[in-house]
Amino acid sequence: MRRIFVGANVLIAGAASPTGASNAVMRMAEIGLFTLVVSRQVLDEVERNLRKKLPQALPTFAALLATMRLEVVADPSPGETERWEHLIETKDAPILTAAVNAAVDRFLTLNPKDFTPNVADQSGLLIQAPGEFVSQLRALIDAGLQTDSSG
C-alpha cells in the first residue's frame, strides 16, 4: 500500500473545500487507494487552525478522519530535526523530519515556499502539491483506460 505524508495545510484545505485537490486526496485515501501519513504535530496543527479559523469545517474533518486510511507517526525528537534546520525553516524541520523518518512514497504540501525542489533533492522526498498529484493520477488512469480500450 502506498503511503503519502500530508502537511497540515493539505488537511485543512481538504476539510474546508469539498471540490479542491486536497479534498480529492483525502477522498482517495478514504476509498483505500493509499494511506495518508501524518505526525501528531500535523494533526494538532490542523485541529488548532480549524477551531480558530474554520470551525464550520471541523465536522467534515472529523468525518474524513473516521473513514480514511490514516497512519499517525511519532513526532521526531529535537535532535533529529537539527539535521534539516540548515535547509528549511526551524518550524518546518519537524514536519520534514517526520516525513523522511516515515519513509513515505511522497509528501504533499501547499507550502512550496519552504518545501522547495532543493529540500526535495536533499531529503530524497518526492514533494508535490495536491493538484499536481491528482493530475498525475488522472494521467495514469487515462493512459490505462486508453490501453484497455484499444486491446
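Notes on the structure in this doc start here. What you are looking at is a predicted structure, and each value in this text was computed from that prediction instead of being measured. (Residues numbered from 1 in each chain as written. Predicted model: local features only at pLDDT ≥ 70, side-chain atom pairs only at ≥ 80, totals over all residues. Heavy atoms only, no water.)

**Describing the layout of surface pockets**
Quantified by volume, the largest pocket comes out at close to 220 Å³. Residue lining of the largest pocket: 13 residues in total, with Ala-8, Asn-9, Glu-45, Asp-92 and Asn-111 positioned closest to the centre. Of all elements in the fold, only helix H1 (8-16) and helix H3 (40-53) reach the threshold of two or more residues within the lining of the largest pocket. If one sorts the elements of the lining of the largest pocket by residue count, H3 sits on top with three residues. Of the residues assigned to the lining of the largest pocket, the class counts are five nonpolar, five polar and three charged. Computed from the structure, the second largest pocket encloses a volume of approximately 160 Å³. Arg-2, Ile-4, Leu-33, Phe-34, Asp-105, Arg-106, Phe-133, Gln-136, Leu-137 and Leu-140 together form the lining of the second largest pocket. (1 Å grid on protein atoms, 1.4 Å probe; cavity = no way out; pocket = protein on both sides within 12 Å on 5 of 7 lines; lining within 4 Å. Points joined across faces, edges and corners; volume = space filled by probe spheres on them. Helix = DSSP H or I, 4+ residues; strand = E, 2+ residues; numbered from the N terminus. Nonpolar A, V, L, I, M, F, W, Y, C, P; charged D, E, K, R; others polar.)

**Observations concerning unusual backbone geometry**
Excluding glycine, residues mostly carry a negative phi; peptide bonds, for their part, are mostly trans. One non-glycine residue, Ala-103, adopts positive backbone phi at about 50°. For Ala-103, the position within the fold is in the loop between helix H6 (93-102) and strand E4 (106-108).

**Topic: the packing of aromatic side chains**
The description of an aromatic ring pair uses the distance of the two centres, along with the angle that the planes make with each other. Applying the stated criterion across every chain yields a total of three aromatic pairs. When the centroid spacing of 5.6 Å and the interplanar angle of 70° are considered together, the rings of Phe-34 and Phe-133 count as edge-to-face. With a gap of 99 residues between them, Phe-34 in the loop between helix H2 (21-30) and strand E2 (35-39) and Phe-133 in helix H8 (residues 130-150) connect regions that are remote in the sequence. Grouping residues by exposure puts Phe-34 and Phe-133 together as buried. Here the aromatic rings of Phe-107 and Phe-115 are separated by 4.9 Å at their centres, their planes lie at 75°, and the arrangement is edge-to-face. In this pair, the class of Phe-107 matches that of Phe-115, namely buried. A connected cluster of aromatic rings, assembled from ring pairs, spans Phe-5, Phe-107 and Phe-115. (Phe/Tyr/Trp six-rings, centres within 6.5 Å; stacked < 30°, edge-to-face > 60°. Buried < 20%, exposed > 50% of the residue type's maximum accessible area, 1.4 Å probe, protein only.)

**A word on the nonpolar core**
If you look at the biggest cluster of nonpolar residues, it comprises 45 residues, and the most contacted ones within it are Phe-5, Leu-11 and Leu-36. Looking at this core, the element that brings in the most residues is H6, giving six residues. (Core = buried A, V, L, I, M, F, W, Y, C linked by side-chain atoms within 4.5 Å.)

**A few points about the pairing of E2**
The element E2 is largely enclosed, with a buried count of five among its five residues. Side chains Thr-35, Val-37 and Ser-39 project from E2 onto one buried face, and the interleaved Leu-36 and Val-38 project onto a second face that is buried too. As judged from the three bridges shared by strand E1 (residues 3-6) and E2, these two strands associate in the parallel manner. Along E2, the bridge assignment pairs Arg-3 with Thr-35. (Pairing = 2+ DSSP bridges.)

**Let's talk about the packing of H3 against helix H4 (residues 58-67)**
Orientation of H3 relative to H4, taken along the N-to-C sense of each, is 155°, at an axis distance of 10 Å. In terms of orientation, H3 and H4 fall into the roughly antiparallel class. For the pair H3 and H4, the contacting residues are Leu-43, Val-46, Leu-50 and Arg-51 in the first and Leu-58, Phe-61 and Leu-65 in the second. Looking at the contact of H3 with H4, its residues break down into six nonpolar, no polar and one charged. (Axes fitted to C-alpha atoms, helices over the stretch in contact; angles between N-to-C directions. Parallel < 35°, antiparallel > 145°, perpendicular 65-115°, else oblique. Contact = heavy atoms within 4.5 Å.)

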